[in-house]
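# Structural overview for review
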Amino acid sequence: MKETLQKLVESFGPVGYEDEVRAVIRQEIEGVADQISVNKLGSLIAVKQGSGRGKKIMLVAHMDEIGLIVTHIDARGFARVTQLGTVYPIYHIGGRVRFASGQLGVIGVDRREDNNKPPALDQLYIDVGAKDKPSCPVQVGDVACFHRSMEAVGNRLIAKSMDDRLGCAMLIETLRRLRTTPHEVYFVFSTQEEMTSAGARTAAYSIEPDVALAIDVTDTGDTPRALPKAVELGKGPAIKLQDSGMIVDPRVKEWMVKRAREARIPYQLEILRGGTTDAQAIQISRDGIPTGSLSVPCRYTHSPSEMVDMADVENGVKLLLALVKKPIVLSDE
Amino acid sequence: MDVNALLKKLSQTTGLSGYETKIRAEVLAEWGRFVDETRTDKVGNAVAVKRGYARKAHRKIMLASHMDEIGFMVAGFSHGFLRVSPIGGIDARVLPGQEVIVHSRQRDLPGIISSTPPHLLKPDDRSKVISLDQLWIDVGLAPAQVNRFVSIGDLVSIRRDVTELKNGLLAGKAFDNRASVAAVAVCLELLATIQHQWDVIAVATVQEETSALGAATSAFGIAPDAAIAIDVTYGVQYGSAGNEVFPLDKGPTIGIGPNMQPKMTQGLIEAAQRIKLDHQIEPMAGSSGTDGWLIQVVREGIPTGVVGIPLRSMHTPVEVVSPRDVEQTGRLLAEFIGGLDEKFYESLTE
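Numbering of residues begins from 1 in every chain and follows the order in which that chain's sequence is written. Note on labels: chains are lettered from A, ligands numbered from 1, in written order. Restriction of local features to residues with pLDDT of at least 70 applies here, the model being predicted, together with a cutoff of 80 or more for giving and counting side-chain atom pairs; totals for whole chains, interfaces and linings are based on all residues. The side-chain values count all of the structure's non-hydrogen atoms but skip hydrogen atoms and water molecules.

### Some details on the overall build of chain B
Runs of E in the DSSP output that reach at least two residues are strands. Runs of H or I that reach at least four are helices, and both are numbered from the N terminus. Across its full length, chain B carries nine helices and 17 strands. Over its C-alpha trace chain B gives a radius of gyration of 21 Å, about what one expects of a compact globule, namely 20 Å for 350 residues. C-alpha extents for chain B along the principal axes are approximately 70 × 40 × 35 Å. Looking at chain B as a whole, 57% of its 350 residues qualify as buried. The averaged location of the 41 negative side-chain charges in chain B is 3 Å from the averaged location of its 35 positive side-chain charges. A radius of gyration in this sense is built from C-alpha atoms; the matching globule rule multiplies 2.2 Å by the number of residues raised to 0.38. Burial status follows relative accessibility: with a 1.4 Å probe on protein chains alone, a residue under 20% of its type maximum counts as buried, one over 50% as exposed, and anything between as partly exposed. Here the positive residues are Lys and Arg and the negative ones are Asp and Glu; neither His nor the chain ends is included. Throughout, a charge is located at the NZ atom of Lys, the CZ atom of Arg, the CG atom of Asp or the CD atom of Glu.

### Focus on the overall build of chain A
Counting its regular elements, chain A contains seven helices and 18 strands. Taking 2.2 N^0.38 as the reference for a compact globule, 333 residues should give roughly 20 Å; the C-alpha atoms of chain A span a radius of gyration of 20 Å, in line with that estimate. Of all 333 residues assigned to chain A, the portion counted as buried reaches 57%. For chain A, the proportion of contacts with a sequence separation of at least 24, taken over those separated by at least 6, is 75%. To measure how exposed things are, a 1.4 Å probe is used in the Shrake-Rupley method; for residues, cover is taken only from the protein chains shown. As displayed, chain A has an accessible area near 13,600 Å², and 47% of this comes from carbon and sulfur atoms. Side-chain charges of chain A comprise 42 positive and 44 negative groups, with the mean position of each set lying 3 Å from the other. Two residues form a contact once any of their heavy atoms are found within 4.5 Å.

### A look at the sheet that holds strand β10 (residues 163-164) of chain B
All names here are of chain B. Pairing between two strands requires that DSSP report at least two bridges joining them. With respect to topology, three strands assemble into an open sheet ordered β10-β11-β17, the strand pairing being antiparallel. In this open sheet, the two edge strands, each paired with only one partner strand, are β10 and β17 (319-321). Judged from the three bridges that link them, strand β11 (residues 170-172) and β17 form a sheet pairing that is antiparallel. Residue pairing for β17: L170 is matched across the bridge by V321.

### Concerning the packing of helix α2 (residues 19-29) of chain A against helix α3 (residues 162-177) of chain A
All names here are of chain A. Axes here mean lines fitted to C-alpha atoms, for a helix over just the part in contact, with angles spanning 0 to 180 degrees between N-to-C directions. Between α2 and α3, whose axes approach to 10 Å, the crossing angle comes to 15°. Here α2 lies roughly parallel to α3, going by the angle between them. Here α2 and α3 pass one another in a crossing that is right-handed. For the pair α2 and α3, the contacting residues are V21, I25, E28 and I29 in the first and R165, C168, I172, L175 and R176 in the second. When its residues are assigned to classes, the contact of α2 with α3 shows six nonpolar, no polar and three charged. Note on terminology: angles under 35 degrees are roughly parallel, angles over 145 are roughly antiparallel, angles of 65 to 115 are roughly perpendicular, and the others are oblique. A crossing counts as left-handed when the near helix is turned anticlockwise from the far one by less than a right angle, and as right-handed when that turn is clockwise. Classes in brief: Ala, Val, Leu, Ile, Met, Phe, Trp, Tyr, Cys and Pro nonpolar; Asp, Glu, Lys and Arg charged; the others, Gly included, polar.

### A look at the domain arrangement of chain B
Residue and element names in this part refer to chain B. Domain start and stop positions are those given by an automatic or database domain assignment. With domains assigned, chain B is organised as domain 1 (3-69 + 173-347) and domain 2 (71-158). For domain 1 versus domain 2, the distance between C-alpha centres works out to 33 Å. Of the residues lining the interface, twelve residues belong to domain 1; the matching set on domain 2 comes to 15 residues. Taking both partners together, domain 1 and domain 2 bury about 990 Å²; carbon and sulfur atoms supply 69% of that area. A side-chain nitrogen of Lys or Arg and a carboxyl oxygen of Asp or Glu constitute a salt bridge if their distance falls within 4 Å. The tally of links between domain 1 and domain 2 comes to zero salt bridges. What qualifies as a polar contact is a pair of N or O atoms within 3.5 Å, subject to a donor-acceptor requirement within protein and to the restriction that residues adjacent in sequence count only when both atoms come from side chains. Connecting domain 1 to domain 2 are one residue pair in polar contact (both at pLDDT 80 or more). Considered class by class, the residues forming the side of domain 1 that touches domain 2 number three nonpolar, five polar and four charged. What gets called buried area is simply the loss in accessible area from a 1.4 Å probe that two parts show on being joined, summed for both.

### Details of the pattern of salt bridges
A side chain with one charge can pair with a side chain of the opposite charge if their charged atoms come near. Residue and element names in this part refer to chain A. Tallied over the entire structure, the rule returns 40 salt bridges over all chains. Close ionic contact of K7 with E28 constitutes a salt bridge, the shortest N to O distance being 2.6 Å. Placement of K7 in helix α1 (residues 2-9) and of E28 in helix α2 is noted, with a sequence separation of 21 residues between them. The exposure class assigned to K7 is partly exposed, which follows from its relative accessible area of 43%. Given a relative accessible area of 11%, E28 falls into the buried group.

### Some details on the pairing of strand β3 (residues 56-62) of chain A
All names here are of chain A. Along β3, six of the seven residues are buried, which leaves the element largely enclosed by surrounding structure. Examined bridge by bridge, β3 and strand β12 (residues 184-190) share seven bridges and lie parallel to one another. Bridging from a neighbouring strand, K56 pairs with E184 of β12. Where β3 and strand β13 (residues 211-218) come together, four bridges link them in parallel fashion. Residue pairing for β13: M58 is matched across the bridge by A212.

### A look at the packing of α3 of chain A against helix α7 (residues 310-325) of chain A
All names here are of chain A. Here α3 crosses α7 at 50°, and the two axes come no closer than 9 Å. On the basis of the axis angle, α3 is oblique to α7. Pair α3 / α7 crosses with right-handed handedness. Residues L166, M170, L171, E173, T174 and R177 of α3 form the contact with α7, whose participating residues are V313, E314, G316, V317, L320 and L321. Residues that form the contact of α3 with α7 fall into these classes: seven nonpolar, two polar and three charged.

### Some remarks on α7 of chain A
Residue and element names in this part refer to chain A. In this analysis, the expected span of each helix is defined as 1.5 Å times one less than the number of residues it contains. Across its 16 residues, α7 extends 23 Å between first and last C-alpha, which sits within 8% of the 22 Å expected from 1.5 Å per residue. Burial analysis of α7 places twelve of its 16 residues in the buried class, the great majority of the element. Every buried residue belonging to α7 is among M310, D312, V313, N315, G316, V317, L319, L320, L321, A322, L323 and V324, and all of these are buried. Where α7 begins, the capping side chain belongs to D309, and its oxygen is found 2.8 Å from the backbone nitrogen of A311.

### Some thoughts on the side chain of S157 of chain B
Residue and element names in this part refer to chain B. Here S157 is to be found in strand β9 (residues 155-158). Engagement of the side chain of S157 in a polar contact is seen with the side chain of H103, the distance being 2.7 Å. The contact partners of S157, leaving out residues within four places of it in the chain, are T14, L16, V100, I101 and H103.

### A closer look at the interface of chain A and chain B
Often the size quoted for an interface is simply the accessible area lost on bringing the parts together. At the interface, 25 residues of chain A touch 28 residues of chain B. Surface buried jointly by chain A and chain B totals about 2,300 Å² across both partners, of which 56% is contributed by carbon and sulfur atoms. At the boundary of chain A with chain B, the tally comes to three salt bridges. For R105 of chain B, the salt bridge is made with E254 of chain A, and the minimal N-O distance between the two is 3.2 Å. Taken together, the connections running from chain A to chain B amount to eight residue pairs in polar contact (both at pLDDT 80 or more). For the side of chain A that touches chain B, the elements supplying multiple residues, two or more each, are β14 (238-243), α5 (250-262) and β16 (268-271) of chain A. By residue number, the principal contributor to the side of chain A that touches chain B is α5 of chain A, which donates four residues. Residue composition of the side of chain A that touches chain B, grouped by class: twelve nonpolar, four polar and nine charged.

### Some thoughts on the pairing of strand β5 (residues 81-87) of chain B
All names here are of chain B. Counting buried residues in β5 gives six out of seven residues, a clear majority hidden from the surface. Relative to β5, strand β4 (residues 71-78) runs antiparallel, the two sharing seven bridges. In the strand pairing of β5, G76 is matched with R83. The hairpin formed by β4 and β5 contains two residues between the paired strands, and H79 there has a positive phi angle of roughly 50°. The pairing of β5 with strand β8 (residues 136-138) spans two bridges and is classified as antiparallel. Bridge pairing in β8 links R83 to W136.

The structure is reproduced here in structure tokens:
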């Protein structure tokens, strides 16, 4: 799984430009899934057929990552940018970006009156080494991702776009290990989660699942002076209860907790105050879809060095398998 | 119908967004007395169907009133106290000193929202609003005991019985939007005595306070020909000004603006005029902030109207409402529905 994850996190795939990631995933699951298709908005949908007596489950992880798009090139060849998804400038000064063409660039910042104040996005620029505007190899509309390789620190991994290539890797791993299931399981690798969840929204509409789960990362409360949050790295995958976009269907939460307990998989319960996932868009699709979310604890989300613990990842896959192998019972509180 | 008794019962029943099981049972029992059929849909909306007399062309009008209320979820612990996360638009200014109920797995525990004594605060902090992160719930348990009784994810609701004020006004929690649920009950009862062509599908929606999930999904499932969202609106009170507030006891408001199909607004005004019912025009320049906002863009679009019940002290445990406005709102809805025919349906696309 680590090799697959490395390929995925080092791929290029800002919001709306997920082609490279989709190609990597397709290669990884070719021959493993019973059916693979791409929907009109670019989401990759792989189906594992069940024995026919189960339900239709949709598991979704998003392929896109946050990135930048060029809005202006000045006379000296410096590019100004705006964000694709939520970008925190403080994480990126002195960092590097990579454009679809492979072109690299350095992220610089204007001189500021007060160096103690974090810069705004419009105070950043990209230096691609151009001498002037005519020789600048990038143009308005070119898209870049942050450039960073994956590294291991003990049993913890750091990389850009763990959010949510980690979820993609976990779905691939689940698909590989899933021998038999009563259910028809849809593995959806969605587009544009970081802005509108357009990919998951439209996939849910066409698939019409009985139940859906989003697999994504969530930030933690275990770093110095963090916002209080009862989720820590290494304490197990988190079963979401609530975030700023949704209340998880309590029947789905109970089902997830029950399976985790039966399989003796450590888990945490997540309440996220800022942010949401594809689950929010799926839940409100058509006449409503009971939807939950499995979150992997991740430090420094939306930075180029998102950190996860491999034990959480492994337990997350185990929980996904426990959920899709057995009958799904959604009962009222 | 004893509107006061119904308002009291609905207000005092718990039903936080996403966890509407108890209030749903109450609503289905109340509405069920006046309709042909009731059901609960996939996401927990309460649906009640009262059939119209039309043999052909079954047109459907959906009435949406949300039954969820704001509250909290336990998010963490410290020294035996509970830290909570808000469900819906909680107003931190009104919280210290409130009584709450912690709905733990085994049983309901009484609790209070603790407050630091003014004597211990720095002078500067005494006039400041305490943010939700600084509010702690005291259930009386010692640190070592608390995890035995309470878990992360347990719900916390405001504990408050309805108080009757002068002039028959009622004060209590969750009149946003149980007042409208009661108004729909009044409407359904009246429809027993009014000939109506269209089928009426009343929905008590879930999760309006968080995402309007229930409104969007039920509208998709029902695919009505028209819809009315009934929700509370701002009552005139001390400190309020401008044209966004409406006096109590002057009847329901009828929304006018981009969320409302003009024919729906006009139809509601005409219905009020036919029976000489007090009503007020409520301009809504953008989102109505009600279930109607999402309903109107479901499927190929649903002609939507918005009716409001004036309410003072919104999103506090002492929301003030007039039962007479609730009754008048029910009468307005019934009169409007009684007037629905094929001509009205065709006028929607003229």
